[in-house]
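Structural features, examined
The lines below spell out each chain.
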Amino acid sequence: MRAFRPEPIPEADLDRILEAAWRAPSSNNEQRWDIVLCTDRAQLDQLSRAWTWAGHIAGAAAAIVLLSPHAEAGDFVEFDLGQVTMSILLEATDLGIGTCHSAVGDQDLVREVLGSPPDRQAFVMISLGYPADRPLRPIARPNRKLKSEVIHRGHW
Ligand SMILES: Cc1cc2nc3c(=O)[nH]c(=O)nc-3n(C[C@H](O)[C@H](O)[C@H](O)COP(=O)(O)O)c2cc1C
């Protein structure tokens with residue numbers, strides 16, 4: 001979903017999405033994340049400039065930024081943040097709300113927009129809103145590798 005209609009998302013739905021994010025499982029239950037919800041139009045516009053392919057955030061009703069302490073390679077924190085992300089996506093979809101991920105290029109810009117501390121890295125930004133580009137339903141032929149290439153039953 002990369003284009004959204006202008007309507008805002010009801011507060012109760014945003015609360016449900018944040019609750020799902022907060023409930024996500026993590027390695028050793030460490031919960032090394034901060035979850036920032038943005039609905040302010042100027043903030044969304046600024047966040048959309050933090051990465052080349054983050055333009056969809058400018059037109060979104062809201063965005064959630066996930067931050068964590070800097071992680072070394074092999075640290076499970078990125079896996080955990082992936083689980084928070086998926087929880088947000090699933091809860092939003094259940095509420096009829098579309099989403100799109102964005103990576104983060106300009107960490108300093110995100111810190112300036114959110115006022116987040118220097119020891120936190122923004123891991124991903126997720127735009128949220130009511131879809132304008134396509135209906136919110138499973139894609140009949142998703143752009144995926146062949147199942148036979150990646151799904152193995154019992155042995156290779
Ligand atoms: C870690 C991650 C980063 C992503 N970053 C971007 C991004 O910066 N901009 C964007 O438009 N989509 C981004 N995406 C969305 C992927 O491009 C998208 O999930 C993939 O193309 C599959 O599309 P589909 O989920 O609509 O089938 C990202 C996805 C992931 C998992």
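The preceding data block contains the structure.
All values derive from a computational prediction rather than experimental measurement. Residue indices begin from 1 for each chain and proceed along its sequence in written order. In keeping with the model being predicted, local features are shown solely for residues with a pLDDT of at least 70 and side-chain atom pairs are shown and tallied solely at 80 or more, while totals for entire chains, interfaces and linings include all residues. The basis for the side-chain values is all heavy atoms of the structure; hydrogens and waters are excluded.

On to the pairing of strand β3 (residues 98-102). Only protein chains enter the accessibility calculation, which uses a 1.4 Å probe; a residue whose area is less than 20% of its type maximum is buried, one above 50% is exposed, and one in between is partly exposed. Elements are defined by DSSP. Helices are runs of H or I of four residues or more, strands are runs of E of two residues or more, and each kind is numbered from the N terminus. Within β3, four of the five residues are buried, leaving the element largely enclosed by the surrounding structure. Direction of pairing for β3 relative to strand β4 (residues 120-129): antiparallel, over a ladder of five bridges. When the bridges of β4 are listed, Ser102 appears paired with Met125. For two strands to be treated as a pair, DSSP must find at least two bridges joining them.

Here we take up the site of the ligand. For each residue, the test is whether any non-hydrogen atom lies within 4 Å of the molecule or strand; if one does, the residue is near. As a structural note, the neighbourhood of the ligand is formed by Arg2, Trp51, Trp53, His56, Cys100, His101, Ser102, Ala103, Arg134 and Arg144. Residue Trp53 places a main-chain N or O atom 2.8 Å away from a nitrogen atom belonging to the ligand. Under this definition, polar contacts are N or O atom pairs within 3.5 Å; protein pairs additionally need one hydrogen-donor-capable and one acceptor-capable atom, and for neighbouring residues in sequence, both atoms have to be side-chain atoms. With respect to the ligand, the backbone of His101 contributes an N or O atom lying 3.3 Å from a nitrogen atom. Protein burial of the ligand: of its 620 Å² of free accessible surface, 53% is covered by the chains. Put simply, Ala, Val, Leu, Ile, Met, Phe, Trp, Tyr, Cys and Pro go in the nonpolar bin, Asp, Glu, Lys and Arg in the charged bin, and everything else, Gly too, in the polar bin. Along the lines of polarity and charge, the residues of the shell around the ligand split into four nonpolar, three polar and three charged. Per-residue accessibility takes into account occlusion by the displayed protein chains alone, with areas from the Shrake-Rupley method and a 1.4 Å probe.

Across the sheet, four strands lie side by side as β1-β2-β4-β3; this open sheet has antiparallel pairing. Edge strands, defined here as strands with exactly one partner in the open sheet, are β1 (34-38) and β3. The mean angle between the axes of side-by-side strands here comes to 20°, regardless of whether they run parallel or antiparallel. Two strands pair when backbone bridges link them, and strand β2 (residues 62-69) and β4 are joined in this way by eight bridges, in the antiparallel orientation. In the strand pairing of β4, Pro69 is matched with Arg120. Pairs of residues are marked as contacts when any of their non-hydrogen atoms sit within 4.5 Å. Simply put, an axis is a line fit to the C-alpha atoms, just over the touching stretch for a helix, and the angle between two N-to-C directions goes from 0 to 180 degrees. Docked against the sheet, helix α3 (residues 77-94) engages β2, β3 and β4, running at close to 15° with respect to β4. Across the sheet, helix α4 (residues 107-114) touches β1, β2 and β4, and the angle it forms with β4 is around 70°.

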